[in-house]
Amino acid sequence: MKPFRVLTATAAPLLRDNVDTDIIIRIEKLVGMTDHSGLGRWCFGALRYLPDGSENPEFVLNQTPYRGSEILLAGANFGCGSSREGAVWAMMQIGLKAVLAPSFGEIFYNNCFQNGVLPVVLVRSSIEEIVSELEPDSGRGLVTVDLERQRVLSPRGKEYSFEIPGLRREALLEGLDDIGLSLQREAVIAVHQMRDRKLRPWIYQTVEVQS
Amino acid sequence: MAGRSMFQKIWDDHVVADLGDNFFLLHIDRHIMHDLGGPAAMLDVKQRGLRIRNPELTFATADHAISSAQGRLGTTETGIRLLNGLRAGALAAGVRMFDIGEPGHGIVHVIGPELGLTLPGVLLVCGDSHTCTQGAMGALAFGIGSTELVHVLATQTLVQPRPKTMRVRFQGAMGPGVTAKDLILHLIGTIGAAGGSGYAVEYAGSAIRRMGIEERLTVCNLSIELGAKMGMVAPDDTTFGYLKGRRFAPTGALWDRAVAHWRTLSSDDNAEFDREVEIDVDRVAPHVTWGTSPEQVLPIDGVIPDPGAMVETRKRTAAIAALSYMGLEPGKPIMGTPIDWVFIGSCTNSRISDLRSAAEIARGRRIATTVRAWVVPGSEAIKRQAEAEGLDRVFTEAGFEWREPGCSMCLAANGETIPAGQRSVSTSNRNFVGRQGPGARTHLASPAMAAAAAIAGHITDVRSLDVASWSVA
């Protein structure tokens, strides 16, 4: 996993609430998928393309200079819906590295951290302020997301603080994933199971009852 | 000192390590894999040079990508590859798989409770957001992503932040024609699709206590549509009665010991919750969604909302986009909206009581000639039970298609889709843009409401029909 420290980049506003994971990536693009690289084309498909398959000029990521934005300024409950991690993978394929939103779908939020994408919770009014700075110069102003200091900087330099839990923050800064760390805890896992087997033996007896 | 909630008790039982900052390493008691995520995860474990730590605690079944056509004809090449991948991976790892055609096969969240795998007090995960369904058994159950899935396979644990707690009390009695589905849709409409975000939700109250397990499963199923990763119901005699004698439930002395433990799991009387919500069930009518988020929902006698009358800009913008996608006019009654498709199935509403309730509406009637209607049972066992009761014939005689168990048109991962621009009434859980196929328009409702719509050819109030069981007070 690539570390995430400080990112200064173009930010695109997509302020509608409840952008769900079906909008981010349709399930059939993930069925049997073995390689993430093809997913970018289908990211935000329901918004990005017109029914005839051509690009929807109204969609922000189809507009200059937002195309290729690395930061998304989003509405509430972003990434709600399914557990598909493909939603994060598809966003990574179009270059998105951070999403700022008032709230997130919880499974999507967890999936971001597993892939080095930073989800930042900011109150709606802060996001709207940042967007209001972007729009007059058509998005040319850059936004900075600084994970080390836990600050977002608007194009005009206004600071907004955010919080990422220590464990998640360190993992992102160092590019570490949970699996490696948890494997090192094998001894405590074994002890837990040994104790639990005595307390709740039925959990571990998963052989079918023969009638 | 405040008592502990059921959530807190089950959570505490599973803490392997406190990682600080409200993060915990949790033991996973049960893990169910399906065809979409399972094969890739098992391959990932292998490629990382790891092994499945506790194959006896993981179970597998194919539901997402298989065809629901008779004989499974129409399963795509990819679907077959995934099915075979799951079979081969499970066999090699020693994971018990429930294959198509055998009792035990079905939708992951249907078979967990049905087989007695999902017990009170367990912590269960699955790579599917509707895992919250299984919290109805008195379990902590939630959906996880692909990387988390590999974590579970390799370590039998998961790193999670502890959510806040919410209790929703459904008080009162459901009127005729009102179902568990209507209660949960009403709740989502009341507190919003992000209302439960960050919370583990416990459903309580007199209406929940009176419900059977299958209705509780329907309520918990839509927790994720409320924004909550976990929803649960305290286990009681209804739960124990449902589980006793199921294939993987404990037996003999172990059963008694388990039940004694399960009886301690309910929230203490003095437990405190971060948020409490109360719903007056007597006033809830059958519900149907009008938009593209489950929070965009109405009582059946309501009118399609006018975005112009909405004060909040973001709600107005969302409503305008939703109405345009759905092809609906503000101010018109939702009743009478013509439909093209009906889908009865999914982990929300595909259990035997759902099928009985839809069949009661269908019996002796015919679906409208303009409608195509599918019934997709949730599992092989449900399918066989329904056939033993003659429900399949009730449906087919009324013009419905009776199909094989699986996820089918709930998420259209198997190629079964509603054509663009067509309108469906569906007993599933998501009315998202394109959920049932690109351009498809979905209205969520209960099985009885869906069956009534199939017969009328338009969205209708099931209470306008003469239904025998309702007159028996």
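Just so you know, these numbers come straight off a predicted model, no measurement behind them.

**A word on the environment of Ile144(B)**
Right, on to step 1. Within the secondary structure, Ile144(B) sits in the loop between β7 (140-143) and α5 (146-155).
Right, on to step 2. For Ile144(B), a count of 28 C-beta atoms within 10 Å puts it in the buried group.
Right, on to step 3. For the pair formed by Ile144(B) and Gln134(B), sequence separation is 10 residues and the distance between their alpha carbons is 14 Å.
Right, on to step 4. The residues contacting Ile144(B), other than those within four sequence positions of it, are Ser83(A), Ile107(A), Val125(B), Gly127(B), Leu149(B), Val152(B) and Leu158(B).

**So, the sheet that holds β7(B)**
Residues and elements named next belong to chain B.
Right, on to step 1. Read across the open sheet, the 5 strands follow the order β5-β4-β3-β6-β7; overall the sheet is parallel. Strands at the two margins of the open sheet, each flanked by one partner only, are β5 (96-98) and β7. Mean inter-strand twist for the sheet, computed between neighbouring axes without regard to direction, equals 20 degrees.

**Let's talk about the interface of chain B and chain A**
Right, on to step 1. Taken together, the contact pairs 62 residues of chain B with 48 residues of chain A.
Right, on to step 2. Listing elements by their share of the side of chain B that touches chain A, those giving two or more residues are β1 (15-20), β2 (23-27), α3 (77-93), α5, β8 (157-161), α10 (252-262) and α11 (313-326) of chain B.
Right, on to step 3. Tallying contributions element by element places α5(B) first for the side of chain B that touches chain A, with 7 residues.
Right, on to step 4. Looking at the side of chain B that touches chain A residue by residue, the class counts come to 29 nonpolar, 22 polar and 11 charged.

**Details of the domain arrangement of chain B**
All names here are of chain B.
Right, on to step 1. According to the domain assignment, chain B contains domain 1 (6-276) and domain 2 (334-471).
Right, on to step 2. Between the C-alpha centres of domain 1 and domain 2 there is a distance of 24 Å.
Right, on to step 3. Listed per partner, the contact involves 38 residues of domain 1 and 30 residues of domain 2.
Right, on to step 4. Put simply, the parts of the chain that give the side of domain 1 that touches domain 2 at least two residues each are α4 (108-114), α6 (180-191) and α8 (213-221).

**Describing the sheet that holds strand β11 (residues 230-233) of chain B**
All names here are of chain B.
Right, on to step 1. With parallel pairing, 4 strands are arranged side by side in an open sheet as β11-β10-β9-β12. The outermost strands of the open sheet, each flanked by one partner alone, are β11 and β12 (275-280). For this sheet, the mean angle separating the axes of adjacent strands, direction not counted, is 20 degrees.
Right, on to step 2. Across 6 bridges, strand β9 (residues 164-171) lies against strand β10 (residues 199-204) in parallel orientation.

Conventions used here
- The written sequence of each chain sets the order in which its residues are numbered from 1.
- Whichever chain is written first is A, and whichever ligand is written first is 1; the rest continue in order.
- Residue-level local features of this predicted model are given only where pLDDT is at least 70; pairs of side-chain atoms are given and counted only at 80 or more, and the full residue set underlies all totals for whole chains, interfaces and linings.
- In DSSP terms, a helix is any run of H or I states spanning at least four residues, a strand is any run of E spanning at least two, and both are numbered starting from the N terminus.
- A residue is called partly exposed when the number of other C-beta atoms within 10 Å of its own lies between 12 and 20, exposed at 12 or fewer, and buried at 20 or more, with C-beta atoms placed from the backbone.
- By definition, residue pairs are in contact when their C-beta atoms, positioned from the backbone, come within 7 Å.
- Strand pairing is assigned whenever DSSP detects at least two bridges linking the two strands.
- To obtain an axis, a line is fitted to C-alpha atoms, over the contacting stretch when the element is a helix, and the angle between two such axes runs from 0 to 180 degrees between their N-to-C directions.
- Note on residue categories: nonpolar means Ala, Val, Leu, Ile, Met, Phe, Trp, Tyr, Cys or Pro, charged means Asp, Glu, Lys or Arg, and polar means any other residue, Gly included.
- Domain extents, as shown, originate in an automatic or database domain assignment.

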